[in-house]
Amino acid sequence: MKYSSRAAFTLLGAAALCLAAGSALGRRSPDAKYKAYLMAYFGPEEKLFYATSRDARHWTALNGGKPVLDPGARLRDPYLARVNGVFHLVHTKAWDTTEIFHWSSTDLIHWEGRSFPVVLAEQKRAWAPEFIYSPKEKLFYLFWASEQNGHNTIYYVTTKDWTDITPERAAVYYDLGIHDIDIDIVEHKGIYYAFHKPGDVDDHMGNRLTTSRSLNPKIDQFGKEGLGQDIFPDEPKPIEGPEAVKLIGQDRWYVYADPFHSPMEAWETTDFKHYSKIEVSTPPGSKHCSVVPITEDELRRLEVAYPSVVK
């Protein structure tokens with residue numbers, strides 16, 4: 001399924017190009033080419049929406065606040081990331097189904113994708129899928145929440161190319177013994193940090209944090225801290241959907257989260273130990289975001305394809 005929106009060098013020039021290339025390989029930050037941020041989210045409809053920002057705090061909805069992708073099914077909890085020059089998007093397909101959607105794109109405008117089951121029927125559902133790529137292993141670790149012993153817990157599967165994912169290959173990533181959903185994993189200085197939402201709707205537990213030295217549970221496991229650390233000050237509850245955003249060219253992160261009854265909020269950290277709430281402004285009705293850095297050219301193309309004001 002596909003969706004669409006609509007010389008010769010002088011010696012001096014060659015030297016300049018060589019100097020620029022050397023700078024890119026040496027002193028420049030690997031993400032120096034990125035100049036802005038793209039937020040993918042759902043709501044107020046269960047479809048894909050976009051917003052852009054220069055500072056990852058103040059967001060402008062694209063496409064006049066209308067959806068940019070309708071998969072023909074309920075789209076919730078979108079997660080978007082770039083791996084080896086390709087954008088991958090995964091999302092919940094419906095409230096109770098064992099299938100998720102996966103899409104790929106090279107330009108954030110034209111998408112190809114499909115849905116597929118990730119667990120057996122007895123696991124009942126597959127909520128809020130996300131993934132992280134391991135360059136060393138050349139593997140995607142895909143994870144989500146499905147039922148285990150009467151509660152939602154975190155399952156996972158690994159894949160090299162998204163073609164070999166079957167329910168029989170899925171396994172429990174970690175099980176806290178109570179409901180647990182919305183896991184988001186990022187790496188910082190050799191440690192993997194997993195933000196997640198343990199507990200049921202009415203328990204007001206809030207988002208938590210657990211860590212591991214490896215994505216591979218055979219080497220080290222998330223969840224060894226039990227329910228994890230309650231880390232965000234002044235966190236409204238109930239709340240879910242934590243998403244960590246690394247700032248371009250900085251050793252600093254914003255972590256967004258999704259209160260049930262109010263707009264998204266965010267916290268800032270540099271060490272994943274201390275957090276301070278920051279002011280953010282997100283599009284009306286936006287829910288469960290993910291954020292990816294983009295280049296100036298990508299920003300310009302998105303603004304042409306999906307202007308913020310649609311006449």
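Placed above this text is the structure.
Calculation notes
- Residues numbered from 1 in each chain as written.
- Predicted model: local features only at pLDDT ≥ 70, side-chain atom pairs only at ≥ 80, totals over all residues.
- Heavy atoms only, no water.
- Buried < 20%, exposed > 50% of the residue type's maximum accessible area, 1.4 Å probe, protein only.
- Helix = DSSP H or I, 4+ residues; strand = E, 2+ residues; numbered from the N terminus.
- Pairing = 2+ DSSP bridges.
- Contact = heavy atoms within 4.5 Å.

Chemist: Hey, could you run me through the pairing of strand β6 (residues 86-92) in this one?
Modeler: Side chains on a regular strand alternate between the two faces of the sheet. A large share of β6 lies buried, amounting to six of its seven residues. Where strand β5 (residues 76-83) and β6 come together, six bridges link them in antiparallel fashion. Bridge assignment links Y79 to a residue of β6, and that residue is V90. Joining the antiparallel neighbours β5 and β6 is a turn of two residues, in which N84 adopts a positive phi near 50°. Relative to strand β7 (residues 99-105), β6 is paired through six bridges, and the arrangement is antiparallel. Across the sheet, the residue bridging to H88 is S104, located in β7. The hairpin turn running from β6 into β7, its antiparallel successor, is six residues long.

Chemist: Looking at this model, I keep getting lost on the sheet that holds strand β14 (residues 191-198). Mind explaining?
Modeler: With antiparallel pairing, the four strands of this open sheet are ordered in space as β13-β14-β15-β16. If you trace the sheet from one side to the other, it starts and ends with β13 (180-188) and β16 (229-230), each paired once. Pairing of β14 with strand β15 (residues 208-212), which is carried by five bridges, proceeds in the antiparallel orientation. If you follow H196 over to β15, its bridge partner there is R208.

Chemist: In this structure, what is going on with the environment of W144? I would like to understand it.
Modeler: With respect to the helices and strands, W144 occurs in strand β10 (residues 139-148). In this structure W144 comes out as buried when scored by relative accessible area, which is 0%. Considering only alpha carbons, one finds W144 and V172, 28 residues apart in sequence, at a separation of 9.7 Å. Look past the residues within four positions of W144 in its chain and what remains in contact with it is V118, V119, A126, W127, A128, P129, T153, I154, Y155, Y156, V157 and A170.

These values are about where atoms sit, not about what they do.
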